[in-house]
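Below, each chain spelled out in residue letters.
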Amino acid sequence: MPTLSIFTTLISIFPTDFNSGFSCILLNNIVDPKLKYEYELLIGALIPWIYLILMILLIIFIDKIKKSIKKEALTDKVKWSRVIIVCMVASFYNFYMYLSQSSLSIFSCITINDYQMGTKTLLSTMTDIECWEKDHLQLIFIYGLPTLIMYVIGIPITFIFFI
């Protein structure tokens, strides 16, 4: 039976730092900084689900190999449900800090005093976007609130009920 330590070892190859990782690999060709920022947020929200699917496919593949060499395979539905729950816990546990930080960063604004343009409130992670204006509100409603509800609040509540 797979253990949680195996999965956390597999997942630990991904960076947990918000400012590094997949963004420099996948998004190098995007010139527009606003579009790049939106893609970073979208990809960051999808990576745990993709990783979860890959982990389950890997377990199914290992199970098929065990069956072919006549060893004990995961045939019981209870065992499969445990495997899926362990995969979910392991993947979302490792991505939780990144997801929380990226979800909450949309609400983090800084105030800049400029003598020529006056006082401006800008998004701290993307200073091209003014806070509480059209672009910022789009980010909040399309990405910020759904990921905040689904990941920051939803993951702990779900794990409380499943574990």
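Not measured: the values here are computed from a predicted model. (Residues numbered from 1 in each chain as written. Predicted model: local features only at pLDDT ≥ 70, side-chain atom pairs only at ≥ 80, totals over all residues. Heavy atoms only, no water.)

## Here we look at the overall build of the chain
Consideration 1: Along the chain, the regular secondary structure elements total five helices and two strands.
Consideration 2: Secondary structure elements in the chain, listed N-terminal to C-terminal, are α-α-α-α-β-β-α.
Consideration 3: Counting the 163 residues in the chain, one finds 33% classified as buried.
Consideration 4: Taking the intrachain contacts of the chain between residues at least 6 apart in sequence as the baseline, contacts between residues at least 24 apart amount to 62%.
Consideration 5: Of the accessible surface of the chain, which amounts to about 10600 Å², a share of 66% is contributed by carbon and sulfur atoms. (Helix = DSSP H or I, 4+ residues; strand = E, 2+ residues; numbered from the N terminus. Buried < 20%, exposed > 50% of the residue type's maximum accessible area, 1.4 Å probe, protein only. Contact = heavy atoms within 4.5 Å. Areas by Shrake-Rupley, 256 points an atom, 1.4 Å probe, with all protein chains shown as cover.)

## Thoughts on the pattern of salt bridges
Consideration 1: Following the criterion strictly, the structure yields one salt bridge and no others.
Consideration 2: With a shortest N-O distance of 3.8 Å, Lys-120 and Glu-130 are connected by a salt bridge. Here Glu-130 lies in the loop between strand E2 (118-123) and helix H5 (134-162) and Lys-120 lies in strand E2, a separation of ten residues in the sequence. (Salt bridge = Lys/Arg side-chain N within 4 Å of Asp/Glu carboxyl O.)

## A word on the pairing of E2
For a regular strand, side-chain orientation follows a simple rule: the groups alternate between the two sheet faces.
Consideration 1: Pairing geometry for strand E1 (residues 109-114) and E2, over six bridges, is antiparallel. Residue Ile-112 lies in a different strand from E2, and its bridge partner there is Lys-120. (Pairing = 2+ DSSP bridges.)

## Topic: the confidence of the model for the chain
Consideration 1: Model confidence for the chain is summarised by a mean pLDDT of 75, while 74% of its residues fall at 70 or above.
Consideration 2: Ignoring residues within four places in sequence, the model shows residues 1-20, a span with pLDDT below 50, making 35 contacts including any to other chains. (pLDDT = per-residue confidence, 0-100.)

## A few points about a nonpolar patch on the surface
Consideration 1: A contiguous nonpolar surface patch, about 800 Å² in accessible area, is contributed by Leu-35, Tyr-39, Leu-42, Leu-46, Ile-50, Ile-53, Leu-54, Leu-57 and Ile-60.
Consideration 2: Summarising the element assignment, Ile-50 is placed in helix H3 (residues 33-68). (Patch = residues over 30% accessible without salt bridge, like charges linked within 9 Å, V, L, I, M, F, W, Y side chains within 5 Å.)

## Here's the deal with the state of the cysteines
Consideration 1: All told, the structure shown has one disulfide when counted by the stated rule.
Consideration 2: Sulfur-sulfur distance for the disulfide between Cys-109 and Cys-131 comes to 1.9 Å. Linking Cys-109 and Cys-131, the disulfide has an S-S dihedral of approximately -105° and is accordingly described as left-handed. Taken together, the positions of Cys-109 in strand E1 and Cys-131 in the loop between E2 and H5 put the pair 22 residues apart, joining distant regions of the chain.
Consideration 3: Cys-131 gets classed as buried once you look at its relative accessible area, which sits at 6%. (Disulfide = S-S within 2.5 Å.)

## Examining unusual backbone geometry
Consideration 1: Even without being glycine, Trp-132 reaches a positive phi, approximately 65°.
Consideration 2: Position of Trp-132 relative to the elements: it lies in the loop between E2 and H5.
Consideration 3: We classify Trp-132 as partly exposed; its relative accessible area is 49%.

## Topic: the nonpolar core
Consideration 1: Counting residues in hydrophobic clusters, the biggest one holds 29 residues, and the most contacted among them are Tyr-37, Cys-87, Ile-106, Leu-123 and Leu-139.
Consideration 2: Counting only elements with at least two residues in this core, the list comes to H3, helix H4 (77-105) and H5.
Consideration 3: Non-local contacts of Ile-106, meaning those with residues more than four positions away in its chain, are made with Tyr-37, Leu-41, Leu-123, His-136, Leu-139, Ile-140, Tyr-143 and Gly-144. (Core = buried A, V, L, I, M, F, W, Y, C linked by side-chain atoms within 4.5 Å.)

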